[in-house]
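Fold and geometry: a report
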Amino acid sequence: MAIGLVLVSVVGITVAVAIRSQSGSTDASRCPAVGKDALFTGTTYDNGANVRSGARLDRPLLTTVPPGCTIGFAGFCIGEKVLDPTAGIADTRWFALPHDRGFVASAIIHGNPPAGITAATCPDGYPIPTEISLELSGDPASPLTAVLQAHGPNAQIVGFAAYYAEDPASPSLRRWHQIGITSEASQAFSVSWRPDGLRLPPQAGDRVPVAAVACLGGGGPTEAVDFGALRAAAPGISAELTASSGPPSAQDREDARRAACQYPH
């Protein structure tokens, strides 16, 4: 199937629209050119990518870019969360085409903005989360399970991380590990975690540093992070979350943010 290209004017914006013939194939030569003003690029998934006038799925469709195309983007903003079918998690980033030519959901693009590019504003966009609060609740059906909860204004995705050693042969080599990332929340975002299931479980009375981070999507942490110290539950001892012993170092903060919001393995 061949594809033709026509120019269509939509609400004052002229866009290129890919027209497919009846054979079902995509002609890669019809991919949009990547201009020199692009700050980063991404590749469309197998179903192609819809370009919309704003950062929501119900905004007017301007055009559809065929699958397998590399697109140049001028930046990104925060909008409606969309499920990333490859990673299996949601993403709130919407990539902006140069010269106000529309927005594409990050969830249907292979590629992330490089470090140093911050979210801009866009039509129907959301504010970036700036604060998050970490709490703890129990699971009556599983007394050794710690249920970490977090909530904060404008948060749509939250990742959780804990600082522990994973190798019994190297108990001093601790690092931050993701213990969950979720976009599902009724009153709070939550993950369940059993520290006693680790290869090197905490000893009685040990406190494990934990963190909650507002994420934009996989690989997209924000500065909204809250830390605590979790005393794992043991027979006859309830789990408890207290404040950290002191402010985290800049390196700990960065490592916790990256771990909490990474793509799940």
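The preceding data block contains the structure.
Since this is a predicted model, take the numbers as computed values, not measurements.

Examining the pattern of salt bridges
In the structure shown here, the tally under the stated rule is 13 salt bridges. For the salt bridge of D58 with R59, the shortest nitrogen-to-oxygen distance reads 3.2 Å. Judged by its relative accessible area of 46%, D58 falls in the partly exposed class. Note that E254 and R258 form a salt bridge whose closest N and O atoms lie 2.6 Å from each other. Placement of both E254 and R258 in helix α1 (residues 250-260) is noted, with a separation of four residues, approximately one turn of the helix. With a relative accessible area of 25%, E254 lands in the partly exposed category. Note on R258: relative accessible area 53%, which makes it exposed.

Topic: the sheet that holds strand β15 (residues 189-193)
If you trace the three strands from one edge of the open sheet to the other, you get β11-β12-β15, paired in antiparallel fashion. The open sheet has two free edges, formed respectively by β11 (133-138) and β15, since each of these has just one partner strand. Averaged over all neighbouring strand pairs, the angle between strand axes comes to 25 degrees, with direction disregarded. In terms of strand pairing, β11 meets strand β12 (residues 146-151) through six bridges, oriented antiparallel. In the sheet register, S133 faces β12, and the bridge partner there is H151.

Quick notes on the nonpolar core
One finds I132, L148, V158, F160, A162, W193 and V210 to be the most contacted residues of the largest nonpolar core, which totals 21 residues. For this core, the secondary structure elements donating two or more residues are β12, β13 (157-165), β15, β16 (207-217) and β17 (220-231).

Brief notes about α1
For α1, the complete set of buried residues consists of A256, R257, A259 and A260. End-on view of α1: buried residues confined to an arc of 170 degrees, all on one side of the axis. In α1, the exposed residues that point more than 90 degrees away from the buried face are A250, Q251 and R258. For α1, the elements touching its buried residues are β13, β14 (174-182), β16 and β17.

Thoughts on the side chain of T145
Mapped onto the fold, T145 is located in the loop between β11 and β12. A distance of 2.5 Å separates polar atoms of two side chains, one belonging to T145 and the other to S142. Ignoring sequence-local partners within four residues, the contact set of T145 consists of G138, D139, S192, W193 and R194.

As for the environment of A259
Secondary-structure assignment places A259 in helix α1. Distance in space between the C-alpha atoms of A259 and Y163 is 9.8 Å, their sequence separation being 96 residues. Setting aside residues no more than four positions away along its own chain, A259 makes contact with A161, W176, H177 and Q178.

Describing the environment of R257
Within the element layout of this structure, R257 appears in helix α1. Looking at R257, the relative accessible area reads 8%, which means it is buried. Through-space distance from the C-alpha of R257 to that of V225 is 7.2 Å; in sequence the pair is 32 residues apart. In this view, R257 contacts V213, P221, T222, E223 and V225; residues no more than four positions away in its chain are not counted.

Observations concerning unusual backbone geometry
One non-glycine residue, D100, adopts positive backbone phi at about 55 degrees. Here D100 shows up in the loop between β8 (89-96) and β9 (103-105). One non-glycine residue, D124, lies in positive phi territory at about 65 degrees. According to the relative accessible area criterion, D124 is partly exposed, its value standing at 29%.

Things to note about the sheet that holds β13
Spatially, five strands are ordered β14-β13-β16-β17-β18 in an open sheet, and the strand pairing comes out antiparallel. Across the chains shown, the open sheet's two edge strands, defined by having one partner strand only, are β14 and β18 (240-242). Pairs of neighbouring strands in the sheet enclose a mean axial angle of 35 degrees, with direction left out of account. Across eight bridges, the pairing between β13 and β14 is antiparallel. For V158, the partnering residue across the bridge sits in β14 and is T182.

Parameters at a glance
- Residues numbered from 1 in each chain as written.
- Predicted model: local features only at pLDDT ≥ 70, side-chain atom pairs only at ≥ 80, totals over all residues.
- Heavy atoms only, no water.
- Salt bridge = Lys/Arg side-chain N within 4 Å of Asp/Glu carboxyl O.
- Buried < 20%, exposed > 50% of the residue type's maximum accessible area, 1.4 Å probe, protein only.
- Helix = DSSP H or I, 4+ residues; strand = E, 2+ residues; numbered from the N terminus.
- Pairing = 2+ DSSP bridges.
- Axes fitted to C-alpha atoms, helices over the stretch in contact; angles between N-to-C directions.
- Core = buried A, V, L, I, M, F, W, Y, C linked by side-chain atoms within 4.5 Å.
- Arc of directions from axis to C-beta.
- Contact = heavy atoms within 4.5 Å.
- Polar contact = N/O pair within 3.5 Å; in protein donor to acceptor, adjacent residues only side chain to side chain.

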